[in-house]
Amino acid sequence: MEIRIQPVDPAKRHPKPADETKLVFGRVFSDHMFMMDWREDQGWQDARIVPYDDLQLDPAAMVLHYGQGIFEGLKAYRWHDGTIHLFRPEKNWERFNRSALRMCMPEIDLAMQFKAVENLLSIDQDWVPHSVGSSLYIRPTMIASEAHLGVRPASEYLYYVITGPVAAYYAEGFNPVKIYVSDEFVRAVRGGVGEAKTMANYASSLFAAEYAKKKGFTQVLWLDAVERRFVEEVGTMNIFFRIHDELVTPALSGSILSGITRDSVIHLAKHWGITVRERSIDIHEVIDAVKSGAIKEMFGTGTAAVVSPVGSISFKEESYTVQDGGVGEWSQKFYDEIVGIQYGEKPDKFGWVYDVKM
Ligand SMILES: Cc1ncc(COP(=O)(O)O)c(C=O)c1O
């Protein structure tokens, strides 16, 4: 499918941020967006790149009532030589299609997802920041656009991709987080939509996250919804433990998002000869192992921060410091390796880097 291009009126360009090292995440957007529509009888049509603007949606658009919406999150990195690269983007496209399937939405073939993002990056290439650590965040989104009240899958969808520059997550070095174990509120339930990147999962996380924040914690550690015992995720990240010298992470149980950073950490660990166990982890085992020192490190993983070390964990009104509350050796090593590959400073041994054609 050809992509129609309508460039922004130069007078209406978004102002470029004065200091790209001080950008607040998700506030500044590039000049253009990619869009295309899906109708039951026609499939995907009218691919276009247009100036970033408000969406025109009927107030009865089904996404606004029944939450049929999915998205992805990935970044474009500018290397020292000026070239632009993505990190394992096909994993995002595949996950997008798995989310679509789960939410009864149409899939988009991988080549079209590549083409949409590549063309958008080409037209907005000036928006990819130059300073090391900063990047252009890419947010592919699909929403049910059909105007209809009544619960069933929509027959019309809008797919769009917006982008915006973001600063390095750790401008002043790693900042170990204080996490709060939520045994009252849950994020997702097995059989539900936890492994889809759909809007409802984020809405359902807000109450516990606000509660934790008010109590002085940075993130919520989510437990399974049935027994409230098994660790699932931390905030909007996957979670890892270094127990003695093994790397342990919850197995993908059906309610956990399959993170691309998670997969990369597992891959690297195995490559480095570390034993990796994907299994159930009881919160009581975690607390005992923190107390005994068997847990040497705990960290979250995700596209935004790559690795986020956990400094302390609070469970049933008691707080426990993880080792000395600082940054563990493995956390640093995984972070350095992945960021090194993303910015072309370390060899891409696994073919994870995608060179964007301009
Ligand atoms: C709920 C949730 N878990 C985990 C992750 C980490 O996934 P990834 O490493 O692909 O960014 C994310 C972020 O996308 C998320 O939203």
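Along each chain, numbering runs from 1 in the same order as the chain's sequence is written. Local features in this predicted model are restricted to residues of pLDDT 70 or higher, and side-chain atom pairs are both shown and tallied only at a pLDDT of 80 or more, whereas totals for entire chains, interfaces and linings draw on every residue. As a convention, hydrogens and water are excluded, and side-chain values are obtained from all of the structure's heavy atoms.

In terms of regular secondary structure, the protein chain is built from eight helices and 18 strands. Against the 2.2 N^0.38 benchmark of 21 Å for 358 residues, the protein chain shows a C-alpha radius of gyration of 21 Å, consistent with a compact globule. Seen through its C-alpha atoms, the protein chain measures out along the principal axes to roughly 60 × 50 × 35 Å. Considering the protein chain as a whole, with its 358 residues, one finds that 53% of them fall into the buried category. For the purposes of this entry, the term helix denotes a DSSP run of H or I that reaches at least four residues, the term strand denotes a run of E that reaches at least two, and both are numbered from the N terminus. Radius of gyration: over C-alpha atoms. The globule rule applied is 2.2 Å multiplied by the number of residues raised to the 0.38 power. The rule is simple: take the accessible area with a 1.4 Å probe, protein chains only, and divide by the maximum for that residue type; under 20% is buried, over 50% is exposed, in between is partly exposed.

What makes a residue near a molecule or strand is one non-hydrogen atom of that residue sitting within 4 Å of it. Neighbouring the ligand are 15 residues, the closest being K197, Y202, E233, T261 and T303. Between the ligand and the protein, one listed contact pairs an oxygen atom with a side-chain N or O atom of Y202 at 2.5 Å. Two N or O atoms form a polar contact when they lie within 3.5 Å of each other; inside protein one atom must be a possible hydrogen donor and the other a possible acceptor, and for residues adjacent in sequence the pair counts only when both atoms belong to side chains. Backbone polar atom of I260 to an oxygen atom of the ligand: 2.8 Å apart, as the coordinates give it. Its free accessible area being 390 Å², the ligand has 95% of it covered by the protein chains. Broken down by secondary-structure element, the contributors of at least two residues to the shell around the ligand are strand 12 (237–243), helix 6 (260–271) and strand 15 (295–302). Classifying every residue of the shell around the ligand gives four nonpolar, seven polar and four charged. Using the Shrake-Rupley algorithm and a 1.4 Å probe, accessible areas are obtained, with residue cover drawn only from the displayed protein chains. All amino acids are sorted into three groups, where Ala, Val, Leu, Ile, Met, Phe, Trp, Tyr, Cys and Pro are nonpolar, Asp, Glu, Lys and Arg are charged, and the leftover types, Gly among them, are polar.

With that out of the way, let us pick up unusual backbone geometry. Notably, C104 is not glycine yet its phi reads approximately 60 degrees, a positive angle. Along the polypeptide, C104 turns up in the loop between helix 2 (89–102) and helix 3 (110–123). Positive phi, close to 50 degrees, is recorded for Q323, a residue that is not glycine. Relative to the helices and strands, Q323 resides in the loop between strand 17 (318–321) and helix 8 (329–342).

This part is about the pairing of strand 2 (residues 32–39). Regular strands place their side chains on alternate faces of the sheet. With six of eight residues buried, strand 2 lies mostly within the body of the structure. In short, DSSP must find at least two bridges between two strands for them to pair. With seven bridges joining them, strand 2 and strand 3 (residues 43–51) adopt antiparallel strand pairing. Each bridged residue has a counterpart across the sheet, and for W38 the counterpart in strand 3 is W44. Between strand 2 and strand 3, which follow one another and run antiparallel, lie three residues. Bridge analysis of strand 2 against strand 8 (residues 156–166) gives six bridges, and the strand direction is antiparallel. Paired with D37 across the two strands is L158, which belongs to strand 8.

For helices, the fitted axis covers only the stretch in contact; all axes are lines through C-alpha atoms, and the angles between them, taken along N-to-C directions, range from 0 to 180 degrees. Running from amino to carboxyl end, helix 2 crosses helix 3 at an angle of 120 degrees, the nearest separation of the two axes being 10 Å. Comparing their axes, helix 3 and helix 2 come out oblique. At the point where helix 2 passes helix 3, the crossing takes the right-handed sense. Here helix 2 contributes P89, E90, W93, E94, F96 and N97 to the contact with helix 3, which in turn contributes L110, Q113, F114 and V117. Of the residues assigned to the contact of helix 2 with helix 3, the class counts are six nonpolar, two polar and two charged. For classification, angles of less than 35 degrees are called roughly parallel, those exceeding 145 degrees roughly antiparallel, those between 65 and 115 degrees roughly perpendicular, and all remaining angles oblique. When the near helix sits turned anticlockwise from the far one by under a right angle, the crossing is termed left-handed; a clockwise turn instead gives a right-handed crossing. Working rule for contacts: check all heavy atoms of both residues, and any pair within 4.5 Å makes them a contact.

A word on a nonpolar patch on the surface. On the surface, a nonpolar cluster with roughly 230 Å² of combined accessible area is contributed by L55, L57 and L64. Following the sequence through the fold, L55 ends up in the loop between strand 3 and helix 1 (63–66). Patch membership is restricted to residues that have no salt bridge and whose relative accessible area is over 30%. Joining uses 9 Å for like charges and 5 Å for the nonpolar side chains Val, Leu, Ile, Met, Phe, Trp and Tyr. By definition, a salt bridge exists where a carboxyl oxygen of Asp or Glu is found within 4 Å of a side-chain nitrogen of Lys or Arg.

What follows concerns the packing of helix 6 against helix 8. Relative to each other, helix 6 and helix 8 sit at 110 degrees, their axes nearing to 11 Å. Relative to helix 8, the element helix 6 lies roughly perpendicular. For the pair helix 6 and helix 8, the contacting residues are T261, S264, V265, L268 and A269 in the first and F334, E337 and I338 in the second.

Take the packing of aromatic side chains next. In summary, the pairing rule links any two rings of Phe, Tyr or Trp, Trp by its six-membered ring, whose centres are within 6.5 Å, and it sorts them by plane angle into stacked for under 30 degrees, edge-to-face for over 60 and tilted for everything else. Tallying each qualifying case throughout the model produces 22 aromatic pairs. Measuring from ring centre to ring centre gives 6.0 Å for F34 and Y159, while their planes differ by 70 degrees; the resulting arrangement is edge-to-face. Remark: Y159 occurs in strand 8 and F34 occurs in strand 2; sequence separation between them is 125 residues. The residues F34 and Y159 share a single accessibility class, namely buried. Their ring planes at 40 degrees and their centres at 4.8 Å tell us that F350 and W352 sit as a pair that is tilted. Taken together, the ring pairs connect F34, W44, F96 and Y159 into an aromatic cluster. Here, a charge over a ring is recorded when the distance from Lys NZ or Arg CZ to the ring centre is within 6 Å and its angle to the ring normal is within 35 degrees. Lying across the ring of W330, R242 places its NZ or CZ 4.1 Å from the centre.

Per the stated rule, a full pass over the model turns up 24 salt bridges. With a shortest N-O distance of 2.9 Å, R277 and E246 are connected by a salt bridge. Here E246 lies in strand 13 (residues 246–250) and R277 lies in strand 14 (residues 275–279), a separation of 31 residues in the sequence. Of the charged contacts in the structure, one is a salt bridge between R262 and E278, with a shortest N-O distance of 2.8 Å. Separated by 16 residues along the polypeptide, R262 in helix 6 and E278 in strand 14 bring together distant segments of the chain. With relative accessibility at 4%, the residue R262 sits in the buried group.

These results come straight from atomic positions and should not be treated as a statement about function.
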